[in-house]
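# Fold and geometry: a report
For reference, the chains in residue letters:
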Amino acid sequence: WNSFQLHRKHYSEFKMRGSGRHVLFIAVSLKPLVLRDFLNEFYADPKQMDTQCVILTEQQVIGGIKHLQHHPVWSERIRLLLGSGLRQSDLARAKARTATACFIRTTKTTGSTENADRHTILCAWTVKAYAPKCKLYVQIIRPENRIHLHVADEIVCERELTNSLLALNTLCPGISTIAALLMHTFTYEGRDFQNSDYNWFEKCSPCEIYQIRLSE
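Parameters and conventions
- Residues numbered from 1 in each chain as written.
- Predicted model: local features only at pLDDT ≥ 70, side-chain atom pairs only at ≥ 80, totals over all residues.
- Heavy atoms only, no water.
- Helix = DSSP H or I, 4+ residues; strand = E, 2+ residues; numbered from the N terminus.
- Contact = heavy atoms within 4.5 Å.
- Areas by Shrake-Rupley, 256 points an atom, 1.4 Å probe, with all protein chains shown as cover.
- Axes fitted to C-alpha atoms, helices over the stretch in contact; angles between N-to-C directions.
- Parallel < 35°, antiparallel > 145°, perpendicular 65-115°, else oblique.
- Nonpolar A, V, L, I, M, F, W, Y, C, P; charged D, E, K, R; others polar.
- Pairing = 2+ DSSP bridges.
- Buried < 20%, exposed > 50% of the residue type's maximum accessible area, 1.4 Å probe, protein only.
- Arc of directions from axis to C-beta.
- Phe/Tyr/Trp six-rings, centres within 6.5 Å; stacked < 30°, edge-to-face > 60°.
- Lys NZ or Arg CZ within 6 Å of the ring centre and 35° of its normal.

As a further point, take the overall build of the protein. A tally of helices and strands in the protein yields eight helices and six strands. Listing each helix as α and each strand as β along the protein from the N terminus yields α-β-α-β-α-β-α-β-α-β-β-α-α-α. Taking contacts inside the protein between residues at least 6 apart in sequence as the whole, the part at least 24 apart equals 65%. As displayed, the protein offers around 13600 Å² of accessible surface, 56% of which is attributable to carbon and sulfur atoms.

Okay, the packing of helix H2 (residues 32-42) against helix H3 (residues 63-70) next. Relative to each other, H2 and H3 sit at 30°, their axes nearing to 8 Å. Of the possible angle classes, the one that applies to H2 and H3 is roughly parallel. Residues Pro32, Leu35 and Arg36 of H2 form the contact with H3, whose participating residues are Gly64, Ile65 and Leu68. In terms of residue class, the contact of H2 with H3 is built from four nonpolar, one polar and one charged.

Here we come to the sheet that holds strand S3 (residues 78-82). In spatial order, the strands read S3-S2-S1-S4-S5-S6; together these six strands make up an open sheet with parallel pairing. The open sheet has two edge strands with one neighbour each: S3 and strand S6 (154-157). Recorded for the sheet is a direction-independent mean angle of 15° between the axes of neighbouring strands. In the sheet, strand S2 (residues 52-57) pairs with S3 via five bridges, with the strands oriented parallel. Bridge pairing in S3 places Thr57 opposite Leu82. Packing of H2 onto the sheet brings it into contact with strand S1 (22-27), S2, S3 and strand S4 (101-104), and relative to S2 it is tilted by some 155°. Contacting strand S5 (135-140) and S6, helix H6 (residues 158-171) crosses the sheet at an angle of about 60° to S6.

Across the two faces of S6 the burial differs, with Ile155 and Cys157 buried and Glu154 and Val156 not buried at all. In this sheet, S6 lies alongside S5 in parallel orientation, the contact comprising four bridges. Looking at the pairing, Gln139 lines up with Val156 of S6.

Residues of H2 that are buried: Leu35, Phe38, Leu39 and Phe42. Taken around the axis of H2, the buried residues stretch over an arc of 95°, which confines them to a single face. The secondary structure elements touched by the buried residues of H2 are S1, S2, H3, S3 and S4.

Considering all chains together, one arrives at six aromatic pairs under this definition. Summarising the aromatic geometry, the rings of Phe25 and Phe38 are spaced 4.4 Å apart at their centres and angled 40° between planes, so their arrangement reads as tilted. Note that Phe25 is positioned in strand S1 and Phe38 in helix H2, a separation of 13 residues in sequence. Across the pair, exposure class does not vary: Phe25 and Phe38 are buried alike. Here a set of aromatic residues connected by ring pairs shows up, and it is made of Phe25, Phe38, Phe42, Tyr43, Phe103 and Tyr137. The cationic tip of Arg77 hangs over the ring face of Tyr43; the distance from NZ or CZ to the ring centre is 5.1 Å.

Structurally, Asn169 can be placed in helix H6. When residues no more than four places from it in sequence are discounted, the contact partners of Asn169 are Gly174, Ile175 and Ser176.

Right, here's the structure in full:
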């Protein structure tokens, strides 16, 4: 009850603004850097500029998260709600049934990696049962737990991705850097380095992969 009184504004129901489109981001706990990276990547697509992001987290938000919430770039685009993805009442407050997509991020703060994946899997099942039409994107740690996530539309396995990149790096040195650059959003700042290789690296780093359907 004390926590409710302290953060009662976060327990209110999410109210849509603008276009009415929104996505749901669920995590047990959040770090400012993780949230900032997600927002930068999500809103890098101009089509998502009018989409709001509802963040559902179980733990108390820290100062860095609050700064992002009140930042002029994000203040009208993100909404923080304290709650759990395992409770349908919290999913109802976040309007999960009308969300265009739901992103579930695993966290290691729950103990072992196995416990973290268990929580993520249960959360994915709960969201899919409550909002069956919502697209589900789930991050897990252990590849052997993929079998339990048949409800997810897309799965990102942390260990599988890391081990694959390390293995490919032995055959083709630098492939992990190429993958990181293609999957992240960078801005060319036009800095002038004395080393020409650095200049070429910065110039090419903003290149990204986009899925575009060509007309007939």
